[in-house]
Each structure stands twice: as structure tokens, then as C-alpha cells.
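# Structure at a glance
As a plain string of letters, each chain reads:
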Amino acid sequence: MKERGSFNYRLCQRAALFVLTALLFVLFIRLYRREAEPGIAVFSSASAQGRSLELDSKNIRPGDVESCVWYVGDEEVSCASRLHSYTPKEGDEEQFIRVRVRLRDGSVFEDWLYYSVLPVLYLDSGTGYDDVEKEEDAAGYMRLTGEGYTPDQLYDGALTFHLRGNSTSELAKHPFKLRLEDKAELLGMEKGRHWVLLANAIDATLLRNQLVYELSRDMGADCYMESRQVTLIYNGEYCGVYQLCEQVRISEGSVDVFDWESVADEAAGRIVDALDIQENMEQEKKAEMQVILEEELKTDLSWLDTGVFVSERLEEWNGREGTSYPTEFQIEDYLEVDTLPEVSGGVLLEMDLWEKDPALKTNYSQPIYFNSPAAGETWEELNCFIRTELQALEYALHDTDFIYHSDGTYYEVAEEGGRQEGTYEWEGVIYKETEFSADSFDGYHYSELIDMDSLIINFLLGELTMNYDAMKNSVFLYKDTEGPYYMGPAWDYDWAWGGSMSVEDTWRPEEWQTTSDFYAADAYYQTVQWNRCLIRDPYFLVRLQETWLEIRGTVLEALVMDGGKLDQYAQALRPAALANDARWGGSMGLYEGQTFDEGIAELKERIRERLDWLDEQFASVDTLAGSLGTCGKAETIVIGEPEHDTENETVLISVSVEESGCAAISAQLNGTYFHLCDLSEGKAQIRIPESALRSDGGRNTLQVRLLDENGEYLPDTAGTVEGEYISAVSSYIWF
């Protein structure tokens, strides 16, 4: 992933006596005219508080003016018998400013803008706010205005949009998905055509998603979402504060991996160009045909398997237009197939409880599907590779030594059971052995299949926020054509820190989100989700605690300290947020009616409360392992302190064992380095080359497991769940 640019909150603060500095942004000019000649304009500029709002008078003769009246909200604030400007002042924020000019001949001209501390997004459409649907795009026109931005960072053009979201789409304050006519760097974010307007209707603070996206960035995520707070004016009506955000999708500025759908677009363009050579086609028709072919090629990717594309849409075109274009195409005639990368990635995947038919559902029922390419399941080669690799990854996470072994014994769920009545505990699950085998991934540790840092960030975000949806809904992972999977980008955290649409009492600050039966009560797969496997691995725990220590006094403290990021964002957003409260009556969902000020106070208290509890758990690796309760140390194994042999560039570690049935030991260093040695009178020495130690200067983790006389791991029955995982008798150290 390429390094992304700086992520600024951009509420455009300016010094003023008010809460931040109220800024006035260039408006989407709407001209209301009666009985007037064309070309007479009203506002010529808009400016920040303290600078006058001027009128364009080039088409109005001063002697023709009968009156010029300015209004802020419903209040008349300035009136004269001549054209004159108005200078916004403190207290005018979050209101419509309107001017009404009457000429002596009876003509009346009106214009208006919305004066906000945020950039203002004006969206006009023939489809009413409450009539926008999920399944059908509405057409509209958008003007995005904001002081301090270049013209390239604003927008003035057409778009299509539709309703988005699951349960939140049913609320009165609607979230939207936008598709601009042209790509744009909206408010300084990466250029793109696809954007979303998050309503954050159940979040009184309006900030939960924003804070988590920035937390993921500050914690070192390779891919994170940029966003800006804006005010939405829909068909001239104030609709509150929205979060303008990139859509999670494969693109250079978002998830920067190879884009197979762009290959489909390229093929469509070349096919249309070839058809145009045969018969001259009007440019408009050519563009229409290209869009049709792009959609068809991306809807079914099987042509990448067969090398042949048969177009039903072109056949329909011929019947409708009376043309005779060919409908079957050899792909190699239009694409340099040999230059395409290996079919081993270029995917954005999503895990979501709401997905009815997850194409990549694993043997432990993780509901994973293709987000991009959206029709990945129709491309057999890609579908088979990704499905196989994900299954090998899942089995590595469940394995005793966290390695996928192609000759190992693995299971799949036969019956998912259900929640025990009156409790959150899951019961009645039945497993069966599976015949799955993948030699191409034999011997891979999970950290070789999925990036360790991204696993840690994903885990910590879920625990920091107690997000009810963590590892359940809107969970993304991506993979380029080379390298491992990455968890992310972080998305959809409006249920974080106790937020909820409808589930009561989601705030449980003194327990682990990962191990809590409450958070796993919606579906079986939550009881075996990947984070529950990871906490069995001492290497993961050491890395996890190491990361916590790195971010606790910096990133996390900067968020919640008095005068820190949360306080600064709340102060900057407050004028707009109070207007949002007035429009919608506070938050929706479980905390219906909660106001911005109440929400901010509660959020800050909850973050501090959560940090206090986590500080106790992360005090050491031992306290962390003990708290999670999944990674114990056998008392029968004693691992000595490492001795560095600088002359031989090795580390020597002594091990003594008092366990019947044990013939040898297996030492696993940092996941991927193994050392086997026999026991002599219950003792052994492990010599590790320094080259096997972590090169980043971090702590090394050595786990010692006991082997029986057949070379098999000696099982730890107390730490084993049949069908899910088998733990070995083991102990570990870090150094």
C-alpha cells in the first residue's frame, strides 16, 4: 500500500470570540426571480465572519432599487433603499442568510445561502429526501462549498445517489451513497467518484466514526478512510451534519491493490473502439455502448476463465437499433492477457452478518464475500484461489502451532446450534472432519498469510471501542496480487463505546469484547471468530501488549486528555451539532433524544473508563494472558533465561521438563522459526541463531511445546475445544 497523505479534520478554524470561528462558505447560488430580465444576479461572493457579503449590481441600476433587505433566519437584520452588503456576525452561524431586492417596477429578486462552521453540501434532485431508495439511483446536482479550499477540492456538477446502510437506512435521517459525474478531490481528500454521506443518526456526538478512522491511521494502519464533516442542504432544506467519506473500494486513493474491474473497463473500451472502426458511431452512442459493456463485463467475470466474452446486451442493442455488431469476442484480441498479474489477489473482501449468500463462507461459517470485484464468485480461478487461501488461513488460526498443515486433521461446522435460552451462551454445535487440503499453503504460519500489524490494530480498535459489530459486520480485508491479506480499512463504528441502534446495554467496559458471550450472541460464527483464535497465541499477545505500550501514552492519551483531540473536535463541531440536534431532536436509536453536549460528555467518560480497565489488563504479558484466559503456562515446563553467545551469534536457552509421556520438545520462535530437540533426563538446550530474532528490535517470543514418542504434540485437555482447536502442553517466554 502506498503511503497516504496527511489526514486533517478540516473544520477550518479561524480565531474568533465564538466557539471556533464561524466560517461562511461560497454558496450554491439559487436564483428566485419574478418578472425580471435574464442575467440579473444577486450574491457575488461569500465570506467568513467579519467580512462582508457583497451583491453583484452590474445588471441593476441603483436608481431602480426600491429596497434591499437582509434576513438571518426569519429575522430582518438590515434594510435600505439601496443595494448594500451584509457582514455576518457572531450568532449568525447555522442559519440561512437571505437577501430580497425589490425594484421600482415591482420585480423581486431573492437569493440565499446557509452559513455554517462546516463546508456546505447543496444537493438538489427531483427525488424528495424521503423518496430516495436503495435499489434505484436518483439523479441530482451537487454544489460543495467551503472556505480555504481550491476549486479542485470543491464540486459543482451532476451526480447520482441512493440510500445506503442496513438498519440505519430506516431512520428519519438518511445516509446516502454518491456517484459523481467526474472524479474530484473533495475537501482535499483523495480523488474519487464514489463517496458516502454518513448520517451518524444514532451517534449524538457525530464523531465516533471519525475518531476511529483517525485512530486506525495514528496506530499505523496501511489503509484508512478519510472523511470531513459537512452540512447537508437537500432541495433547499437543512438536513443536518453529515460525514462525507470515501467509499471503501479498490482505488489508488483508498484500497490500493490491483483492480480487476478496471480490466473489464479496459476490455469494454477496446471492444467499442474496434466496433467504431467498422461503422462510424455517434459519440453519445459510443459512450452509451461502453457503459453497457462495462457493466456486463463486470457483472459476470467468467470470460476471464474462458477467454471468450459473449454479450447479451449487444444482442439486445442490435435488435433495438437495427445494427449487426458481433456479440462474441476473443478476449486476447482486446487485452494483453499475458501482461496481467497472477490470479492470486487484487480483492477487497467483506465480512457481514447481513450478507444472505456469502460467496467465500468458510468452514467455520465466517460470512465473507467479494466486495471487489463484486462478481468475483463468477470467476472460477479467482474464486477458487481466494476461497482456498482463506480456508488455509482459518485453519492456521485454529491449529495447535498456528501453522496450516496440508496433512493435518481439520473440522467444519455441521450444525451451528443456537443460543441457550435465557443466556448468551451458544450450545448444540456439531463439528465433522473435513477433506479440505491445500498443498500450496502447506507450512504457512498465519502471520505469513495475513499481516500481523493489521491484525493487532483491528483487535485493539474493537477492544478500545467495545464495538458491538467488531469482527461481525462491516469487517474488511484486502489483498494485492502479491503479499498477505490485510485487515481493514476500519469502517462503521457508530455502535462503538456503547452506541447502539436497538441492542440494550452494549456498554460493558470491564470485560473483553473478544471473549464476551454477549457480543457473540447474534450468530455462531462469532463464537469462533478469528480474534478468539489469536488470543491463544503468546506471540500475538506479546506483540499486542507491545503495541499497547507504544500507543497508550501518545495516540490514546492525545485523544482523551483535557484539551485533546476529542475536546478540540467537539468545540469545533458544536455550533453545527447543536443545529443538527434542533433539526432531528437529538440522536436516534437506543439513545433517542440524547443531545450533542450530553453525548460528548458521556463519550469522554466512557473512553477514560475503558482505558483505565485496559491499562490494568495490559500491565504485563502475564496479566494480559491471565485476563484473556486462553494462553496458560504448564508448571511442568521451566524455560531458562536466554544466554547470548556473541562469538557464535546465537542465543542459548535451557529447558527442563517434568511431564510423563514426553520424549522431546518443539520450540517455536516468533511464529515461523522451529527448533526440535530430544530430552535427556528431562532437559534440553535450544540454540537459536541471532538471524532468527526480530530485526525491528522488538521482543521475541519463544513457545515450547511437548512432544510424545511419536513426535505428536502432547495435548492439553484443559485448553482444548474439540472441533475448534487442540492445545498442547506448553509454556513460553519473551525476551
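Figured I'd write up the structure that's included with this text. (Residues numbered from 1 in each chain as written. Predicted model: local features only at pLDDT ≥ 70, side-chain atom pairs only at ≥ 80, totals over all residues. Heavy atoms only, no water.)

### Notes on the overall build of the protein
For the protein, the helix and strand inventory stands at 13 helices and 32 strands. When the backbone C-alpha atoms are referred to their principal axes, the protein occupies close to 110 × 70 × 60 Å. Of all intrachain contacts in the protein linking residues separated by at least 6 positions in sequence, the fraction that spans at least 24 positions is 66%. Accessible surface for the protein amounts to roughly 31200 Å². Of this, 43% is attributable to carbon and sulfur atoms. The averaged location of the 138 negative side-chain charges in the protein is 10 Å from the averaged location of its 60 positive side-chain charges. (Helix = DSSP H or I, 4+ residues; strand = E, 2+ residues; numbered from the N terminus. Contact = heavy atoms within 4.5 Å. Areas by Shrake-Rupley, 256 points an atom, 1.4 Å probe, with all protein chains shown as cover. Lys, Arg positive; Asp, Glu negative; His and termini not counted. Charge placed at Lys NZ, Arg CZ, Asp CG, Glu CD.)

### Digging into the pattern of salt bridges
Evaluated as defined, the whole model comprises 34 salt bridges. The partner of Asp 522 in a salt bridge is Lys 472, and the shortest N-O contact between them spans 3.1 Å. Placement of Asp 522 in the loop between strand 24 (485-487) and helix 9 (530-534) and of Lys 472 in the loop between helix 8 (452-465) and strand 23 (475-479) is noted, with a sequence separation of 50 residues between them. In this structure Lys 472 comes out as buried when scored by relative accessible area, which is 1%. For Asp 505, the salt bridge identified is with Arg 508, shortest N-O distance 3.4 Å. Of the residues examined, Asp 505 reaches a relative accessible area of 44% and is grouped as partly exposed. Through salt bridges with shared partners, a single ionic network connects Glu 214, Arg 217, Asp 218 and Lys 565. (Salt bridge = Lys/Arg side-chain N within 4 Å of Asp/Glu carboxyl O. Buried < 20%, exposed > 50% of the residue type's maximum accessible area, 1.4 Å probe, protein only.)

### A look at the sheet that holds strand 31 (residues 701-707)
Pairing is antiparallel in the open sheet, where 4 strands are placed in the order 29-28-31-32. Edge strands, defined here as strands with exactly one partner in the open sheet, are strand 29 (673-678) and strand 32 (730-734). Between one strand axis and the next, the sheet turns by 20° as a mean value, whatever way the strands run. Set on the sheet, helix 10 (residues 538-560) makes contact with strand 31 and strand 32; between it and strand 31 the angle comes to about 165°. (Pairing = 2+ DSSP bridges. Axes fitted to C-alpha atoms, helices over the stretch in contact; angles between N-to-C directions.)

### Points about unusual backbone geometry
Looking along the chain, the bond that leaves Ser 372 and enters Pro 373 is cis, with omega of -5°. With respect to the helices, strands and loops of the structure, Pro 373 is situated in the loop between strand 16 (368-372) and helix 6 (380-398). With an omega dihedral of 0°, the bond running from Gly 488 to Pro 489 counts as a cis peptide bond. Here Pro 489 is to be found in the loop between strand 24 and helix 9. Here Ser 474, not a glycine, exhibits a phi torsion of approximately 55°, which is positive. You can see Ser 474 is positioned in the loop between helix 8 and strand 23. The exposure class assigned to Ser 474 is buried, which follows from its relative accessible area of 11%.

### Quick look at the environment of Ala 582
The residue Ala 582 is located in helix 11 (residues 565-584) in this model. In the structure, Ala 582 is positioned 72 residues away from Glu 510 in sequence and 35 Å away in space, judged by C-alpha atoms.

### Considerations on the state of the cysteines
Enumeration over the complete set of coordinates arrives at 0 disulfides. Here Cys 245 is not disulfide-linked; the sulfur of Cys 223 is the nearest cysteine sulfur, at 11 Å. Cysteine Cys 533 shares no disulfide, and the gap to the nearest cysteine sulfur, in Cys 631, comes to 13 Å. For Cys 533, a relative accessible area of 3% puts it in the buried group. (Disulfide = S-S within 2.5 Å.)

### Focus on the packing of aromatic side chains
Within a pair of aromatic rings, the relevant descriptors are the distance that separates the centres and the angle that separates the planes. Taken as a whole and assessed by the stated rule, the structure comprises 38 aromatic pairs. Plain terms: the ring middles of Tyr 468 and Tyr 519 are 5.8 Å apart, the flat faces sit at 50° to each other, and that makes the pair tilted. Note that Tyr 468 is positioned in the loop between helix 8 and strand 23 and Tyr 519 in the loop between strand 24 and helix 9, a separation of 51 residues in sequence. As far as the burial class goes, Tyr 468 and Tyr 519 line up, both buried. Through a chain of ring-to-ring contacts, three or more aromatic side chains come together here, namely Tyr 364, Tyr 395, Tyr 404, Tyr 410, Tyr 431, Phe 436 and Tyr 524. Of note, Lys 472 hangs over the ring of Tyr 468, and the distance from its end group to the ring centre comes to 3.7 Å. (Phe/Tyr/Trp six-rings, centres within 6.5 Å; stacked < 30°, edge-to-face > 60°. Lys NZ or Arg CZ within 6 Å of the ring centre and 35° of its normal.)

### Side note on helix 10
In helix 10, a bend of some 60° at Arg 552 exceeds every other bend along the element. Within helix 10, 17 of the 23 residues are buried, which leaves it mostly tucked inside the rest of the structure. (Bend = angle between axes of the 7 residues up to and from the residue.)

### Topic: the sheet that holds strand 23
Each strand in a sheet pairs with another by means of backbone hydrogen bonds, the pair being arranged parallel or else antiparallel. Read from one edge to the other, the open sheet built from 4 strands follows the order 16-15-23-24, with strand pairing classed as antiparallel. Each edge of the open sheet carries a strand with a single partner, namely strand 16 and strand 24. For this sheet, the mean inter-axis angle between neighbouring strands, taken without regard to orientation, is 30°. Summarising the sheet, strand 23 and strand 24 pair through 3 bridges and their orientation is antiparallel. By the bridge assignment for strand 24, Tyr 478 is matched with Tyr 486.

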